[in-house]
Amino acid sequence: MKFFIDTANLAQIKEAHELGVLDGVTTNPTLMAKEGITGQDNVIAHYKAICEITDGDVSAEVIATTYDEIIVEGEALAKLHERIVVKVPMIKDGVRAIKYFTSKGIKTNCTLVFSAGQALLAAKAGATYVSPFIGRLDDISTDGLQLIEDIRLIYDNYGYETQILAASVRHAMHIINCAKLGSDVITGPLSAITALLKHPLTDNGLAQFLADHAKAAGK
Ligand code: E4P
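Looking at an unreviewed UniProt entry, one finds the chain named Probable transaldolase, with Mucilaginibacter gynuensis as its source organism. What UniProt states about the chain under its Catalytic activity (unreviewed entry) heading is, verbatim, "D-sedoheptulose 7-phosphate + D-glyceraldehyde 3-phosphate = D-erythrose 4-phosphate + beta-D-fructose 6-phosphate".

Details of the site of the ligand
Taken together, Asp-6, Thr-26, Asn-28, Lys-87, Phe-133, Arg-136, Ala-167, Ser-168 and Arg-170 form the complete shell of residues around the ligand. Protein contacts shield 86% of the accessible area of the ligand, which totals 340 Å² for the unbound molecule.

A word on the state of the cysteines
One pass over the structure, following the stated rule, counts zero disulfides. In this model Cys-110 remains outside any disulfide bridge; the closest cysteine sulfur is found in Cys-178, 17 Å from its own.

Points about the packing of helix α8 (residues 144-158) against helix α9 (residues 172-181)
Interhelical geometry of α8 versus α9 gives an angle of 20 degrees and a closest axis separation of 10 Å. The orientation of α8 relative to α9 falls into the category roughly parallel. Every pair of crossing elements has a handedness; the one defined by α8 and α9 is right-handed. Contacts between α8 and α9 involve Leu-145, Ile-148, Glu-149 and Arg-152 from the first element and His-174, Asn-177, Cys-178 and Leu-181 from the second. Taken together, the residues of the contact of α8 with α9 sort by class into four nonpolar, two polar and two charged.

A few points about the packing of aromatic side chains
Applying the stated criterion to the full structure yields five aromatic pairs. Seen in terms of ring centroids, Phe-4 and Tyr-129 are 5.7 Å apart; in terms of plane orientation they differ by 70 degrees. Their pairing is edge-to-face. Here Phe-4 is found in strand β1 (residues 2-6), whereas its partner Tyr-129 is found in strand β6 (residues 129-132), with 125 residues between them in sequence. Under the relative-accessibility criterion, Tyr-129 is labelled buried at 2%. Centroid distance Tyr-100 to Phe-101: 5.9 Å. Interplanar angle 65 degrees. Geometry classified as edge-to-face. Feature note: the residues Tyr-155, Tyr-158 and Tyr-160 constitute an aromatic cluster, connected by ring pairs. The ring of Tyr-67 is capped by Arg-96, whose NZ or CZ atom sits 3.8 Å from the centre of that ring.

Some thoughts on the sheet that holds β1
Read once around its circumference, the closed barrel built from eight strands follows the order β1-β2-β3-β4-β5-β6-β7-β8, with strand pairing classed as parallel. The average angle at which neighbouring strand axes cross in this sheet is 30 degrees, direction not considered. As defined by bridge partners, β6 adjoins strand β7 (residues 163-166) across two bridges and the pair is classed as parallel. Within β7, the residue paired with Tyr-129 across the bridge is Gln-163.

Some points on the UniProt feature "active site" (unreviewed entry) in the chain
According to UniProt, the "active site" (unreviewed entry) feature falls on Lys-87. Structurally, Lys-87 can be placed in strand β4 (residues 84-89). Residue class for Lys-87 comes out buried when judged on its relative accessible area of 4%. Apart from residues lying up to four places away in sequence, Lys-87 is in contact with Thr-26, Thr-27, Asn-28, Ser-59, Ala-60, Glu-61, Val-62, Asn-109 and Thr-111. Looking at Lys-87, its side chain comes within polar contact range of the main-chain oxygen of Thr-27, at 2.7 Å.

Basis of the calculations
Residues numbered from 1 in each chain as written. Predicted model: local features only at pLDDT ≥ 70, side-chain atom pairs only at ≥ 80, totals over all residues. Heavy atoms only, no water. UniProt positions renumbered as here; feature names shortened; annotations may be inferred. Near = heavy atom within 4 Å. Areas by Shrake-Rupley, 256 points an atom, 1.4 Å probe, with all protein chains shown as cover. Disulfide = S-S within 2.5 Å. Axes fitted to C-alpha atoms, helices over the stretch in contact; angles between N-to-C directions. Helix = DSSP H or I, 4+ residues; strand = E, 2+ residues; numbered from the N terminus. Parallel < 35°, antiparallel > 145°, perpendicular 65-115°, else oblique. Left-handed = near helix turned anticlockwise from the far one by under 90°. Contact = heavy atoms within 4.5 Å. Nonpolar A, V, L, I, M, F, W, Y, C, P; charged D, E, K, R; others polar. Phe/Tyr/Trp six-rings, centres within 6.5 Å; stacked < 30°, edge-to-face > 60°. Buried < 20%, exposed > 50% of the residue type's maximum accessible area, 1.4 Å probe, protein only. Lys NZ or Arg CZ within 6 Å of the ring centre and 35° of its normal. Pairing = 2+ DSSP bridges. Polar contact = N/O pair within 3.5 Å; in protein donor to acceptor, adjacent residues only side chain to side chain.

Below you can see the structure in the form of structure tokens.
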């Protein structure tokens, strides 16, 4: 399973990359705004900076919501770097645009997906990735993980190659459960990824090993 980090924070992207487990980055307009990145030139420079850190795919979201405008914006984003994936919302014009981008060999990430039907449309349009937002479903008392299971079943039934990118991942158990369900990718905050490191028996065991080593060495 691939690990993407869901942030526009360069320090966190570097930290995840240096850990050696980072396969890509997802961003969205909210995450860019959170880092204070505003204005087209700054946004473009920031995407390029992210692409310099990671070896993997970098999702850059279009702001446009009409077909013609999505095409213009998406093609410009795709030209920024070979690792840019054009992130397109799950709307009618977005699905049409994904079909167009696919025909041109431009990678896409269909975002804001909350149902199996939407994921089926994204796959039929040829999206490279589909992003079901599992945390936001959990927030409204709907089982986000069930959606991952449903999409996995549907894609496997027909051999769709669109990769399931479980998004809006909030914590370590989301990651583990997505792995159990066969999600191709997860994207979440650095805290969810590093939480996978933690186990009290690891900490206690290491402290004991070091203490015993020091005792044996007469320290
Ligand atoms: C996905 O690509 C989105 O950027 C993201 O995962 C949304 O997460 P949130 O629900 O925590 O904002």
